[in-house]
Every structure is written in structure tokens, then in C-alpha cells.
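# Understanding the architecture of this molecule
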Amino acid sequence: MDLVCRVRRKLELVFVEVKTRSSEKFGAPHEAVDYQKQRGIVQAAQEWLEMLDRNDVIARFDIIEIVHHEGDYEIRHLKNAFLAEETLHPGSLPTNLGASLKHAPPTSGCANEERFPRRDPRC
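Parameters at a glance
- Residues numbered from 1 in each chain as written.
- Predicted model: local features only at pLDDT ≥ 70, side-chain atom pairs only at ≥ 80, totals over all residues.
- Heavy atoms only, no water.
- Core = buried A, V, L, I, M, F, W, Y, C linked by side-chain atoms within 4.5 Å.
- Buried < 20%, exposed > 50% of the residue type's maximum accessible area, 1.4 Å probe, protein only.
- Helix = DSSP H or I, 4+ residues; strand = E, 2+ residues; numbered from the N terminus.
- Pairing = 2+ DSSP bridges.
- Right-handed = clockwise from strand over helix to strand, strands pointing away.
- Phe/Tyr/Trp six-rings, centres within 6.5 Å; stacked < 30°, edge-to-face > 60°.

So, about the nonpolar core. One recurring pattern in soluble globular proteins: nonpolar side chains tend to sit buried together. F15, L49, F61, I63 and F82 are the most contacted members of the largest nonpolar core, which has 15 residues in total. With four residues, the single largest contributor to this core is helix α1 (residues 35–52).

So this is what it looks like as C-alpha cells:
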């Protein structure tokens, strides 16, 4: 897990995995967040939520993809890229971890993806 973010005006934490690739020749960056990686992120999130000791905080799992395209960068935000019921935290979103981990996160063009094209990473 690379980032833990708080959604403003909500009691929601977003656990974020960031994946960067120089091309998509061998697949989209989110495809590297496989079952094993998701399990590790979920376990880390569980520890974080237990440490907070607040039952009203909601958990969400996102992936940020960064792809380099001939001098340009494309950044994609996949919200709710995978789900995790097993955080065992009362505030977590009711989900189905088993079903979500068997499938890859949403692919390009999905409804929950936001695209932020960038020409230079220093922008």
C-alpha cells in the first residue's frame, strides 16, 4: 500500500496502491495488483483501522495507474478497484472479497475510472 488518504467531509479512508509502467505492452499497471498483493493491502488496512479504534470509519481500496507514453504521462484513478469484506472493521463497506479478488480490477474505460492526462510529471 502506497498511500492512505482521508475523504474530506466523510469518515472514509482510502487505501491506495500506485503502479507505474513505461508502457502497456504487457498489460495495464493495475493487473500487477493481483490476489496476493490485494491480500497484503487488505491486511495492512485492517491493522490501520484497528489502530484507529473507531467503528464509524469506512474503508475503500483504490489503484492509481501511471503510464508513460512517448514523453507524456497518463494517470488513471480506479476507485473501488477491489473490495474487502475481511477488514473485519465495522465501518468497512459491505463487499465480497472472495469474488472481487478472483477478477482483475476494472479495465480502462470503466465507469469508476478517472483519467488525468499529464505531459510532464513535474506539472
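This part takes up the pairing of strand β3 (residues 58–69). One ladder, built from ten bridges, connects strand β2 (residues 12–21) with β3; its direction is parallel. Bridging across to β3, K19 finds its partner in E65. Following the chain from β2 across α1 to the adjacent parallel β3, one finds a crossover that is right-handed. Looking at chain direction, β3 and strand β4 (residues 72–78) are connected through seven bridges and run antiparallel. In the strand pairing of β4, V67 is matched with E74. Connecting the antiparallel pair β3 and β4 is a turn made up of two residues, with E70 showing a positive phi of about 45°.

The relative placement of two aromatic rings is captured by the distance of their centres and the angle of their planes. Here the structure, examined in full by the defined rule, presents two aromatic pairs. With a centroid separation of 5.7 Å and an interplanar angle of 25°, the aromatic rings of F15 and F61 are classed as stacked. Residue F15 is found in strand β2, and its partner F61 is found in strand β3; the two are separated by 46 residues along the sequence. Ring centres of F61 and F82 lie 5.2 Å apart, and the angle between their planes is 25°; on these two criteria the pair is classed as stacked. Residue F61 is found in strand β3, and its partner F82 is found in the loop between β4 and α2 (97–101); the two are separated by 21 residues along the sequence. Across the pair, exposure class does not vary: F61 and F82 are buried alike. Cluster of aromatic residues (ring-pair linked, three or more members): F15, F61 and F82.

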